[in-house]
Amino acid sequence: MNLTLKIWRQKSPDDKGGMVTYPMKDVESHMSFLEMLDVLNNDLITKGEEPVAFDHDCREGICGTCSMVINGRPHGPDSAITTCQLHMRKFNDGDTIHIEPFRAKSFPVLKDLTVDRGAFERIMQAGGFISVNTSGNTIDANTIPIRKDHADMAFDAATCIGCGACVAACKNSSAMLFVSAKVSQLALLPQGHTERTERVLKMVHQMDAEGFGTCSNTGACAAECPKEISLDNIARLNREYLRASFVSGE
Amino acid sequence: MSNLFKIFNSSTGQKVIMALTGLFLCVFLVVHLMGNLQLFKHDDGFAFNHYSQFMTGNPLIKIVSYITYFAILYHAFKGLIMTMNNRKARPVKYQVDGGWANSHWTSRNMGILGTVLLVFIVIHMIDFWYEFKFGNLPTKKYIQYDIGGELKNMEFSGEKFQARVKASLGQINDFTTLEYKDLYKEVYATFDKWWYVLLYTISMFAVAFHLWHGFKSAFQSLGISHPAWNKTIKLVGYGFAVIVPLGFALIPLIIFFS
Ligand code: SF4
Ligand code: FES
């Protein structure tokens, strides 16, 4: 199939950037979206032009790096997949495809389609962990009884790959789905219970400090999330936060 | 204290207050609608004027009304500030907007719908609330009489009144006269203007769309979410969003067309 690509090109964080049009000929329908971009980049390199910078790593939907917004939707038109899992058969001959970076003040563009998602790391550093003694006395996790439904919910939340599509999809660039998945995953398990009060306060306050917007409960995040993280987690985060605000000793 | 301030100023804390004020205003809407329905009683406007007087006179109601003013102002202005800050969280916009594919448009336009409502509330307050409190509305006298043990009200003048007096001579046990500001007449006069009825109806659409998302959203912001409840909350919210604004809108429409 023949396509017209309109891709955001930006040389550096300070560059203004703009959309550049690239005609693509003979794209195979069974290519993945990233393979299609590889082909484009090969052509660009052959012509002596700068290839399009985009993030990618595992190419099997588990690392969460392949961030881009395709025709207005993070990870493209299909649901519950990452860009690397998107196939060209989802498009038709003659289509024009707009490819933009994830847009948020907290995710500054580094180059072309790559953005800096360090804000997520800093939120995790603020509280997205459990403090365990690793001196050799670690208790085997399987010896602690856990309610089955809690284990399931925690597991579902833990499937979040930190891709940032929730932020990219949200009209407010809110990181609530990501933060709520991490808070839920830890709050639901006995190991995470001890630090739950401080954790939720610190993570939410770090999220705010990073400049993400507030949650309007539009549900766009959950609809675009490649791991189908549920809005129930956001409700749980709200509960955890409210609870923490009453019991915190800070 | 500073901790509490930090908590209620955080993204999550602000949403909690938005939800609480929003739900409080939902209760207010129901009470307001109940009051408006008094317009249809065939008692020369006694029930409605009595209700209007009651709403401004009673000290307890006064406290509630101050809470209502606060809730409206907080909800409106905090909402606007949050909407503007949220816009700033994405300085460079997308060239293609995919919002239609992942969310309901009411949820993406709460700020705009809210602004329409704020403008409406201001006009509405100038026309009725200000007029009632500070304007010089003519008053109307009512006679409240006890006939056969039943209390009845009617306007204390006019042909209907005279006929009634003649017919009930000897049957009335006791009577008092009451005087109220005649907001009833003012409302009927206002709802006779086509442009006002149109504005009112459009505004009620905005209320409906705002509530369509807002009702269930408030519960989510408060963390009230459970698989066993979510469906009910959603359905009650949708029902509320349709029935309450419809009730409000029908009043001027019925008055205008009858
Ligand atoms: S919640 Fe979903 S969209 Fe957001 S970072 Fe996690 S996996 Fe990605
Ligand atoms: S490249 Fe790892 S999820 Fe797409």
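**Q** An account of the overall build of chain B is needed here, citing residue identities and associated values.
**A** Helix and strand content of chain B: 11 helices and 3 strands. Starting at the N terminus, the α and β elements of chain B follow one another as α-α-α-α-α-α-α-β-β-α-β-α-α-α. Taking 258 residues into account, the globule formula puts the C-alpha radius of gyration at 18 Å, and chain B, at 23 Å, lies well above it. Taken along its principal axes, the extent of the C-alpha atoms in chain B is 80 × 45 × 40 Å. For chain B, buried positions account for 44% of its 258 residues. By sequence separation, contacts in chain B at least 24 residues apart represent 77% of the contacts at least 6 residues apart. In the structure as shown, chain B presents an accessible area of about 14600 Å², 70% of it carried by carbon and sulfur atoms. Of the charged side chains in chain B, 23 are positive and 14 negative, and the gap between their average positions amounts to 19 Å.

**Q** Lay out the domain arrangement of chain A with the relevant residues and their values.
**A** Residue and element names in this part refer to chain A. For chain A, the assigned domains read domain 1 (3–111) and domain 2 (117–248). Between the C-alpha centres of domain 1 and domain 2 the distance comes to 29 Å. In this complex, domain 1 contributes 21 residues to the contact, which on the side of domain 2 involves 20 residues. Counting the surface domain 1 buries against domain 2, the share from its top three residues, P74, S106 and F107, is 36%. Inspection of the region where domain 1 meets domain 2 yields 2 salt bridges. The partner of E224 in a salt bridge is R73, with the nearest N and O atoms 2.9 Å apart.

**Q** Explain the confidence of the model for chain B to me, using residue names and the numbers behind them.
**A** Interpretation of the predicted coordinates at a detailed level should be avoided for regions scoring low in pLDDT. Scored by pLDDT, chain B comes out at a mean of 91, with 99% of its residues at no less than 70. Scored by ipTM, the complex comes to 0.94, with pTM at 0.93.

**Q** Which residues make up the sheet that holds strand 1 (residues 3–9) of chain A, and what values do they have?
**A** Strand pairing in a sheet relies on backbone hydrogen bonds, with the paired strands running either antiparallel or parallel. Pairing in this open sheet of 5 strands is mixed, and the strands run 2-1-5-3-4 (chain A) from one edge to the other. The sheet terminates laterally at strand 2 (18–24) and strand 4 (73–74) of chain A, the two strands that pair on one side only.

Calculation criteria
- Residues numbered from 1 in each chain as written.
- Chains lettered and ligands numbered in written order.
- Predicted model: local features only at pLDDT ≥ 70, side-chain atom pairs only at ≥ 80, totals over all residues.
- Heavy atoms only, no water.
- Helix = DSSP H or I, 4+ residues; strand = E, 2+ residues; numbered from the N terminus.
- Rg over C-alpha atoms; globule rule 2.2 N^0.38 Å.
- Buried < 20%, exposed > 50% of the residue type's maximum accessible area, 1.4 Å probe, protein only.
- Contact = heavy atoms within 4.5 Å.
- Areas by Shrake-Rupley, 256 points an atom, 1.4 Å probe, with all protein chains shown as cover.
- Lys, Arg positive; Asp, Glu negative; His and termini not counted.
- Charge placed at Lys NZ, Arg CZ, Asp CG, Glu CD.
- Domains from an automatic or database assignment.
- Buried area = accessible area lost by both parts, 1.4 Å probe.
- Salt bridge = Lys/Arg side-chain N within 4 Å of Asp/Glu carboxyl O.
- pLDDT = per-residue confidence, 0-100.
- Pairing = 2+ DSSP bridges.

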